[in-house]
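Chains, contacts and geometry: an overview
Listed here are the chains, written in short residue letters.
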Amino acid sequence: MRLLQSFWTWLRQYLDGTRRYSIVRTAEMPDRPDPKTIYLTGDGEWPWFAEFLCPCGCNETLHLSVLTEGRPRWAISYHSDGTITLAPSVWRQIGCKSHFWIRHNLVQWCSQ
């Protein structure tokens, strides 16, 4: 079983590790989100959420709060090349149980 999990982790890294997300600022997430887009939703210059479809392919929508007042929350780092990094990692406790980072608009899977 452990070998099978390692294989799937490797396959996800191989298939998704080079996929670069695009970033869209918007007031709200669209009804049919693009699976290769991270939506920074909110009102004005400061986003409230980073929202995107789970990169594992389960099609669950992830809503990560980036507001400093709440918990849990993620911090957005903006880079000079126009990419973002979200911290800490995303570790889904239900559903697909995916665990990954978003760094410079790329999915980097955490090893088991």
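That block above? That's the structure.
Throughout what follows, the structure given in this document is the object of discussion. (Residues numbered from 1 in each chain as written. Predicted model: local features only at pLDDT ≥ 70, side-chain atom pairs only at ≥ 80, totals over all residues. Heavy atoms only, no water.)

Another aspect to go through is the packing of aromatic side chains. Inspection of every chain in the model, using the stated rule, returns three aromatic pairs. Ring centres of Phe52 and Phe100 lie 6.3 Å apart, and the angle between their planes is 70°; this geometry places the pair in the edge-to-face category. Taken together, the residues Phe52 in strand β3 (residues 49–53) and Phe100 in strand β7 (residues 99–103) connect sequence positions 48 residues apart. Pairwise contacts between aromatic rings join Tyr21, Phe52, Phe100 and Trp109 into one cluster. (Phe/Tyr/Trp six-rings, centres within 6.5 Å; stacked < 30°, edge-to-face > 60°. Helix = DSSP H or I, 4+ residues; strand = E, 2+ residues; numbered from the N terminus.)

This brings us to the environment of Phe100. Judged by relative accessible area, Phe100 falls into the buried class, the value being 0%. Once residues within four sequence positions are removed from consideration, Phe100 is found in contact with Phe52, Cys54, Pro55, Leu62, Ser89, Val90, Val107, Gln108, Trp109 and Cys110. (Buried < 20%, exposed > 50% of the residue type's maximum accessible area, 1.4 Å probe, protein only. Contact = heavy atoms within 4.5 Å.)

Moving on, we come to unusual backbone geometry. Put simply, Arg71 and Pro72 share a cis peptide bond, and its omega is -10°. Within the fold, Pro72 resides in the loop between β4 (61–65) and β5 (75–78). Look at the link from Ala87 to Pro88: it is a cis peptide, with omega at 5°. The phi dihedral of Asn59 falls on the positive side, at around 70°, and the residue is not glycine. Although it is not a glycine, Asn105 sits at a positive phi angle of roughly 65°.

We now examine the sheet that holds β4. By definition, the strands of a sheet pair up through backbone hydrogen bonds, in either a parallel or an antiparallel sense. Taking strand neighbours across the sheet as the criterion, the four strands line up as β1-β2-β3-β4 in an open arrangement whose pairing is mixed. For this open sheet the edge positions go to β1 (22–26) and β4, each flanked by a neighbour on one side alone. In this sheet, neighbouring strand axes are inclined to one another by 25° on average, regardless of whether the strands run parallel or antiparallel. Looking at chain direction, strand β2 (residues 37–41) and β3 are connected through three bridges and run antiparallel. Directly across from Thr41, in β3, lies its bridge partner Phe49. (Pairing = 2+ DSSP bridges. Axes fitted to C-alpha atoms, helices over the stretch in contact; angles between N-to-C directions.)

Taken together, the four strands give an open sheet; going across it, the order is β5-β6-β7-β8, and neighbouring strands pair in antiparallel fashion. In this open sheet, the two strands that pair with only one neighbour each are β5 and β8 (106–109). With strand direction ignored, the average angle separating the axes of adjacent strands in the sheet is 25°. Summarising the sheet, β5 and strand β6 (residues 84–91) pair through four bridges and their orientation is antiparallel. In the sheet register, Ile76 faces β6, and the bridge partner there is Leu86.

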